[in-house]
Amino acid sequence: MPADLHCHTKLSDSSMGIDDLIVLAQKKGITTIAITDRDCQAGTVRGKIIGERRGINVIPGVEISATDTKRGVNVEILCYLSDSPDRLEGLCHRNIVQRKKASQLMTLKIARKYPITPELVLKCATGATAVFEQHIMHALLECGLTDRIYGELYEELFSPESPENVLVKVTYPDAQEVIEAIHEAGGVAVLAHPAVSGCFELMEELAEKGILDGIEVYHPENTAEQQEFLKKFAKDKGILALGGTEFKGMYTKNKVSVGDCMTPDADLKALMTYKNKMKKKKAAMEK
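Residues numbered from 1 in each chain as written. Predicted model: local features only at pLDDT ≥ 70, side-chain atom pairs only at ≥ 80, totals over all residues. Heavy atoms only, no water.

A. Fine view of the overall build of the chain. In terms of regular secondary structure, the chain is built from 11 helices and 7 strands. Radius of gyration (C-alpha) of the chain: 19 Å, near the 19 Å computed for a compact globule of 287 residues. Here the C-alpha coordinates of the chain stretch approximately 65 × 45 × 40 Å along the principal axes. Taking all 287 residues of the chain together, 51% fall into the buried category. Taking as baseline every contact in the chain between residues at least 6 positions apart, the subset at least 24 positions apart corresponds to 71%. Only carbon and sulfur atoms are counted for the fraction: they give 53% of the accessible area of the chain, which is about 13800 Å². (Helix = DSSP H or I, 4+ residues; strand = E, 2+ residues; numbered from the N terminus. Rg over C-alpha atoms; globule rule 2.2 N^0.38 Å. Buried < 20%, exposed > 50% of the residue type's maximum accessible area, 1.4 Å probe, protein only. Contact = heavy atoms within 4.5 Å. Areas by Shrake-Rupley, 256 points an atom, 1.4 Å probe, with all protein chains shown as cover.)

Right, here's the structure in full:
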């Protein structure tokens with residue numbers, strides 16, 4: 001069966017808890033999902049246990065914030081099937097600390113313009129490891145200042161093109177450093193939604209260096225042309241072609257539910273056998 005390999009929970013920037021996410025997947029007949037919270041691995045063990053009870057295979061994962069240092073833009077690297085996830089905890093913690101500092105400053109900027117309080121924002125972020133833009137928008141929605149998470153007010157506050165934006169620049173570790181950390185932890189490193197992030201140049205560079213294990217080909221915001229381009233790129237470079245909905249409950253940007261965008265069977269199998277394949281290849285080279 002196909003798999004949704006990009007799902008978030010309340011531990012990061014989703015409105016849906018782990019239990020409800022897995023129940024939703026079960027109700028929709030999806031047998032495999034990956035929990036890939038932003039800079040947080042806390043839900044993977046619980047997700048696996050609940051998944052087993054519900055007949056859902058939950059693949060452990062995490063989406064780690066990174067920076068394309070050369071171009072000065074932030075990107076995300078997905079990590080799957082890490083043998084030693086504890087080795088990534090320090091990296092994730094540092095990213096969370098940076099995000100907390102940025103979100104505090106953004107909340108204070110918004111509170112000068114709109115009648116919300118930091119306390120309300122924190123209440124909307126209950127259970128999360130940090131405050132994300134969606135939590136701030138939730139607070140604004142609670143106060144009746146908007147009728148949706150994504151809309152004109154979101155664009156005003158969080159679009160880089162908006163003269164009224166409250167964005168605070170956060171510099172995360174370099175993308176290559178993150179990939180190396182994932183490999184040291186025995187994980188599979190996949191560049192998240194390159195078409196959405198517009199990081200094709202970084203994708204090319206990482207693939208040329210031979211350190212990128214895969215890219216996210218299947219994503220609900222990709223056009224048909226972008227998906228075909230990414231699929232061909234993955235095939236030409238001999239790397240994994242994965243994907244999913246990037247589901248975040250009511251914080252999902254478009255009308256998308258779990259399983260609306262899936263990784264095909266063959267690509268899921270390639271992920272599950274990838275590490276053994278790489279070990280055999282390495283052993284053969286060392287002979």
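B. Structural detail: the side chain of Asp37. Within the secondary structure layout, Asp37 lies in the loop between β2 (32–35) and α2 (43–54). Here Asp37 occupies a buried position and makes no salt bridge, while the nearest side chain of opposite charge, Arg38, is found at 8.9 Å. A distance of 2.7 Å separates the side chain of Asp37 from the side chain of Ser12, its partner in a polar contact. Once residues lying within four places of it in the same chain are set aside, the contact partners of Asp37 are Cys7, His8, Thr9, Leu11, Ser12, Val62 and Glu63. (Lys, Arg positive; Asp, Glu negative; His and termini not counted. Salt bridge = Lys/Arg side-chain N within 4 Å of Asp/Glu carboxyl O. Polar contact = N/O pair within 3.5 Å; in protein donor to acceptor, adjacent residues only side chain to side chain.)

C. Structural view of the nonpolar core. Core analysis: the biggest nonpolar cluster contains 34 residues, and Ile64, Ile77, Leu88, Ile182, Leu191 and Ile215 have the highest contact counts within it. Elements with a contribution of two residues or more to this core: β3 (57–68), β4 (73–80), α3 (89–113), α7 (175–184), β5 (188–191), α9 (200–209), β6 (214–218) and α10 (224–237). Ranked by the residues each element gives to this core, the list is headed by α7, at 5 residues. Among all residues touching Leu88, those that are not within four sequence positions of it are Gln41, Val62, Ile64, Cys79, Ser82, Ala181, Ile182 and Ala185. Tyr114, Cys124, Tyr150 and Phe158 belong to the second-largest nonpolar core, a separate cluster that totals 20 residues. (Core = buried A, V, L, I, M, F, W, Y, C linked by side-chain atoms within 4.5 Å.)

D. Representation of the environment of Phe158 in the model. Position of Phe158 among the secondary structure elements: in helix α6 (residues 152–158). By relative accessible area, which is 5% here, Phe158 ends up buried.

E. Looking closely at α9. Taken as a whole, α9 has its buried residues at Leu202, Met203, Leu206 and Ala207. Mapping the buried residues of α9 onto a view down its axis gives an arc of 130°, with all of them on the same face. In α9, the exposed positions angled more than 90 degrees off the buried face are occupied by Glu201, Glu208 and Lys209. Just downstream of α9 lies Gly210, where phi reads positive at about 75°. (Arc of directions from axis to C-beta.)

F. Structural view of the pattern of salt bridges. Inspection of the entire model under this criterion finds 18 salt bridges. Glu205 is the salt-bridge partner of Lys70, the closest N and O atoms lying 3.1 Å from each other. Of this pair, Lys70 sits in the loop between β3 and β4 while Glu205 sits in helix α9, placing them 135 residues apart in sequence. Through salt bridges that share partners, Asp13, Arg38, Glu76, Glu246 and Lys248 make up one connected network.

G. Molecular detail of the pairing of strand β7 (residues 240–243). The alternating pattern of β7 places Leu240 and Leu242 on one face and Ala241 and Gly243 on the opposite face, and all of these are buried. Two strands pair when backbone bridges link them, and β6 and β7 are joined in this way by 4 bridges, in the parallel orientation. Each bridged residue has a counterpart across the sheet, and for Glu216 the counterpart in β7 is Leu242. Between the parallel elements β6 and β7, the chain passes through α10 in a crossover that is right-handed. (Pairing = 2+ DSSP bridges. Right-handed = clockwise from strand over helix to strand, strands pointing away.)

H. Representation of the sheet that holds β2. The 7 strands are arranged β1-β2-β3-β4-β5-β6-β7 in an open sheet whose pairing can be described as mixed. Each having just a single partner strand, β1 (4–7) and β7 make up the two edges of the open sheet. Pairs of neighbouring strands in the sheet enclose a mean axial angle of 40°, with direction left out of account. (Axes fitted to C-alpha atoms, helices over the stretch in contact; angles between N-to-C directions.)

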